[in-house]
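Okay, here's what each chain looks like letter by letter:
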Amino acid sequence: MERRWGMAIDLDRCTGCEACVVACHAENNLPVSTPEQAARGRTAHWIRIDRYFEGEFPDIKVRYMPVLCQHCDNAPCEPVCPTYATYHNPEGLNVQVYNRCVGTFYCANNCPYTVRYFNWFAPDWPEPLALQHNPDVAVRPAGVMEKCTFCIQRIKRAKQDAAGDGCPLADGDVQPACVQSCPAEAMVFGDLNDPGSKVSRLAGDGRSSRLLEELGTKPKVFYLQKG
Amino acid sequence: MSPAPELLPYRQIREDLFRPLSRVSSRYLFATVIAFLVGAAGLAAWGLQLHTGMGVTGLQRPVFWGIYIVDFVFWIGISHAGTLISAILRLTGAAWRKPVTRAAEAITVFALMIGGMFPIIHLGRAWLFYWLLPYPNSRMLWPNFRSPLLWDLTAIVTYVTGSVIYLYLPLVPDLAQLAEHNTPWRQRLYRALSLGWTGSDREWHALERAMKLMACIILAVAVSVHTVVAWDFAMAIAPMWHSTIFGPYFVTGAIFSGIAALILVMAMIRKLLHLEVYLTKHHFDRLAKLLLLMSLLWCYFTLAENLTVWYGNDPKEMAVFGARTRGHYAPYFWTMMFLNFAVPFVLLGIRRLRTIAGATVASVAVLIGMWIERFVIVVPTLANPRLPSASGFYTPTWVEAAITAATFAAMAMLYMIFAKLFPIIAVWEFKPHPQEDT
């Protein structure tokens, strides 16, 4: 059976430490922004921590929510792209073909989660960050849209390794950078088509819900939160 | 009141209307230089944007569409001046249209040429714009016809083609006349363009039929074009964009701003080319009434759009509604209401104020107001996405302003060149019996 990659994020465990954000930057060759550009909303974080505040000062509570591409089964970004630069692959991933993107911005406008990021300038890494590029991930030129890939390069590597060892891909063999680096182990990644996988069990949990589910986008990221 | 231009002797009409073609005043040269400089500055700004990246604009996450898209909708709206109005008047047989139609049709063609540039200017990788075209290529790739941007491209290319034909057809008899006595290069130009028109009965008959047919086609195309422009927004699931009213709302707004552009251009050519006898108070009065009607219709749509959102009270939509009417973008919204409704209502509704000057002032107000209207539609929605933590603001930069200014200069320049090469009022339409020789 085809795989259907998905993720579960336990919000009751998330501490908002942003280790996932840093790991994603390192893994996926994300461009680094300057303070001036960051103040103008020009940062690129394929995963970001949204903060929600409850109550009035001083009796205040902060809630953290890691938001990344939800890899919707019914993705609103896909039909609007005039060049098929974004499409659904057979494993349920919403993939972005950088070479095909001409930069109409339409996908980003139609994404209800605002998780698409644009290359406003040619990417630039101050020394020594330029020395730590991941050779498995393309560096994107100015003018194209990009977003979370569920670390597709790691999925490919895990499949190759499993094939080399002559055994099937086991649950937990694929770990995107954010999942791997989460100190609270709040994130779980796996195959939603495998009923025995950890992510499938968590997706069916009573605490599970999906972001903006009511839009009918069928996201594949499940958020777990009590009551 | 001055006599109707139809009553003037045809010889005088011909002289009056061909005269602007043979003289270039110093004022004309000065205006051309200014337009050229502003245009060159805009081109330089675009060059910088192509070289450095879209970061030179004020765009940011989540406001990915800014005033380039505003300009796009604005100019496509202006293009509804011509063809649509002239087609309606031609089909309904309104006799007073004669001195108005060509001025209007020329606006359409140039506004479309300019408006059609913006989707390209606004691309992240503008040099690859042809990837949106269904051209044969070795990798057998097709563009995605499910994308409203493809519908847009198709509609605009159709409209440009149709408008050029619609402008060109009624030019042919005038071109044949111009080819008769002229300087050598002009003679060659007009003779080539007049396609060997001799003025036979058969040719007049064919022209008449072709124009009627084109008028019918162009009406449908014009309505569809701006509907499709509206669907670029309405097909997205963004709050206050995803609205069924957008198609007709945009068509109304387009005709509204189109008439305003036509009145302004007519007032200008009337003064500059001394056509006071041909473009009379009578013409302005009729167009002013049409403008007032469109103002009321636009206001009705605006009310329908906003009232339903407010009453429905959906939090996501209310965030946009609040930003428009009370928040960051409220000054834009209320300026828009003032310019698009209050000003035309007073200036055009009161008969004593509905003069040429009054109509011109109201038109300028409407043009500014309709530009702001597009800004109010495009930006607040994007600035207030469904996840509140992702919201942001947008302020255009000088690059965007320079490119916008350049398009106005380009419009002026194209129009001035056109008015020097071709009579801006169709001369043959004043012939008592076009089929007979003078």
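Everything below is about the structure printed above this text.
## Examining the sheet that holds strand S9 (residues 208-209) of chain A
All names here are of chain A.
Next up, step 1: Read from one edge to the other, the open sheet built from four strands follows the order S8-S1-S10-S9, with strand pairing classed as mixed. Only two strands of the sheet have a single neighbouring strand rather than two, namely strand S8 (187-191) and S9.
Next up, step 2: Bridge count between strand S1 (residues 5-10) and strand S10 (residues 221-224): four bridges; the pairing is parallel. Across the sheet, Ile9 pairs through a bridge with Tyr223, a residue of S10.

## A closer look at the layout of surface pockets
Leftover empty space is mapped by rolling, across the atoms, a probe with the size of a water molecule.
Residue and element names in this part refer to chain B.
Next up, step 1: For the largest pocket, the calculated volume is near 910 Å³.
Next up, step 2: Along its surface, the largest pocket is lined by 28 residues, and Met268, Ile269, Leu272, Tyr415 and Met416 are the ones closest to its centre.
Next up, step 3: The biggest single contributor to the lining of the largest pocket is helix H16 (residues 398-421), with seven residues.
Next up, step 4: Residue classes in the lining of the largest pocket are distributed as 21 nonpolar, two polar and five charged.

## Quick word on the packing of helix H13 (residues 315-325) of chain B against helix H15 (residues 356-383) of chain B
Residues and elements named next belong to chain B.
Next up, step 1: As a packed pair, H13 and H15 sit with axes 9 Å apart at the nearest point and diverge in direction by 130°. It follows that H13 is oblique to H15 by the angle criterion. Between H13 and H15 lies a crossing whose hand is right-handed. Counted together, Val320, Ala323 and Arg324 of H13 and Val376, Ile377, Pro380 and Thr381 of H15 form the full contact between these two elements.
Next up, step 2: Tallied by class, residues from the contact of H13 with H15 come to five nonpolar, one polar and one charged.

## Brief notes about a nonpolar patch on the surface
All names here are of chain B.
Next up, step 1: Taken together, the side chains of Leu296, Phe345, Val346, Ile350 and Leu353 define a hydrophobic patch exposed on the protein surface, amounting to about 390 Å² of accessible area.
Next up, step 2: Turning to its location among the elements, Val346 is positioned in helix H14 (residues 330-349).
Next up, step 3: Judged by relative accessible area, Val346 falls into the partly exposed class, the value being 42%.

## Some thoughts on the pairing of S1(A)
Residue and element names in this part refer to chain A.
Next up, step 1: The buried count for S1 comes to six of six residues, which makes it a mostly enclosed element.
Next up, step 2: What you see with S1 is no split at all: Trp5, Met7 and Ile9 on one side and Gly6, Ala8 and Asp10 on the other are buried throughout.
Next up, step 3: The pairing of S1 with S8 spans five bridges and is classified as antiparallel. Of the residues in S8, the one forming a bridge with Trp5 is Asp191.

## A short note on the interface of chain A and chain B
Next up, step 1: Taken residue by residue, the interface counts 45 residues in chain A and 46 residues in chain B.
Next up, step 2: Of the roughly 3,600 Å² buried where chain A meets chain B, counting both sides, 60% is carbon and sulfur surface.
Next up, step 3: Inspection of the chain A/chain B interface yields 24 residue pairs in polar contact (both at pLDDT 80 or more).
Next up, step 4: Looking at the side of chain A that touches chain B, the elements with two or more residues in it are strand S2 (47-54), helix H3 (106-109) and strand S6 (117-118) of chain A.
Next up, step 5: Of the residues contributing to the side of chain A that touches chain B, the split by class is 28 nonpolar, ten polar and seven charged.

## What to know about the packing of aromatic side chains
Next up, step 1: Throughout the structure, instances matching the rule amount to 39 aromatic pairs over all chains.
Next up, step 2: Both rings, one in Phe74(B) and one in Phe408(B), keep their centres 5.9 Å apart while their planes meet at 45°; by these two values the pair is tilted. With Phe74(B) in helix H3 (residues 67-78) and Phe408(B) in helix H16, this pair connects stretches of sequence that are 334 residues apart.
Next up, step 3: Relative to Trp204(B), the ring of Trp197(B) has its centre 5.0 Å away and its plane inclined at 90°; by these criteria the two rings are edge-to-face.
Next up, step 4: On the accessibility criterion, Trp197(B) (17% relative accessible area) is buried.
Next up, step 5: Each residue in the set Tyr106(A), Trp65(B), Phe233(B), Trp241(B), Phe246(B), Tyr249(B), Phe250(B), Tyr300(B) and Phe301(B) is aromatic and connected to the rest through ring pairs, giving one cluster.
Next up, step 6: Taking NZ or CZ as reference, Arg100(A) lies 5.1 Å from the ring centre of Trp131(B), over its face.
Next up, step 7: Positioned over the ring face of Tyr28(B) is Lys420(B), at 5.0 Å from the centre of the ring.

The rules we used
- Residues numbered from 1 in each chain as written.
- Chains lettered and ligands numbered in written order.
- Predicted model: local features only at pLDDT ≥ 70, side-chain atom pairs only at ≥ 80, totals over all residues.
- Heavy atoms only, no water.
- Pairing = 2+ DSSP bridges.
- Helix = DSSP H or I, 4+ residues; strand = E, 2+ residues; numbered from the N terminus.
- 1 Å grid on protein atoms, 1.4 Å probe; cavity = no way out; pocket = protein on both sides within 12 Å on 5 of 7 lines; lining within 4 Å.
- Points joined across faces, edges and corners; volume = space filled by probe spheres on them.
- Nonpolar A, V, L, I, M, F, W, Y, C, P; charged D, E, K, R; others polar.
- Axes fitted to C-alpha atoms, helices over the stretch in contact; angles between N-to-C directions.
- Parallel < 35°, antiparallel > 145°, perpendicular 65-115°, else oblique.
- Left-handed = near helix turned anticlockwise from the far one by under 90°.
- Contact = heavy atoms within 4.5 Å.
- Patch = residues over 30% accessible without salt bridge, like charges linked within 9 Å, V, L, I, M, F, W, Y side chains within 5 Å.
- Areas by Shrake-Rupley, 256 points an atom, 1.4 Å probe, with all protein chains shown as cover.
- Salt bridge = Lys/Arg side-chain N within 4 Å of Asp/Glu carboxyl O.
- Buried < 20%, exposed > 50% of the residue type's maximum accessible area, 1.4 Å probe, protein only.
- Buried area = accessible area lost by both parts, 1.4 Å probe.
- Polar contact = N/O pair within 3.5 Å; in protein donor to acceptor, adjacent residues only side chain to side chain.
- Phe/Tyr/Trp six-rings, centres within 6.5 Å; stacked < 30°, edge-to-face > 60°.
- Lys NZ or Arg CZ within 6 Å of the ring centre and 35° of its normal.

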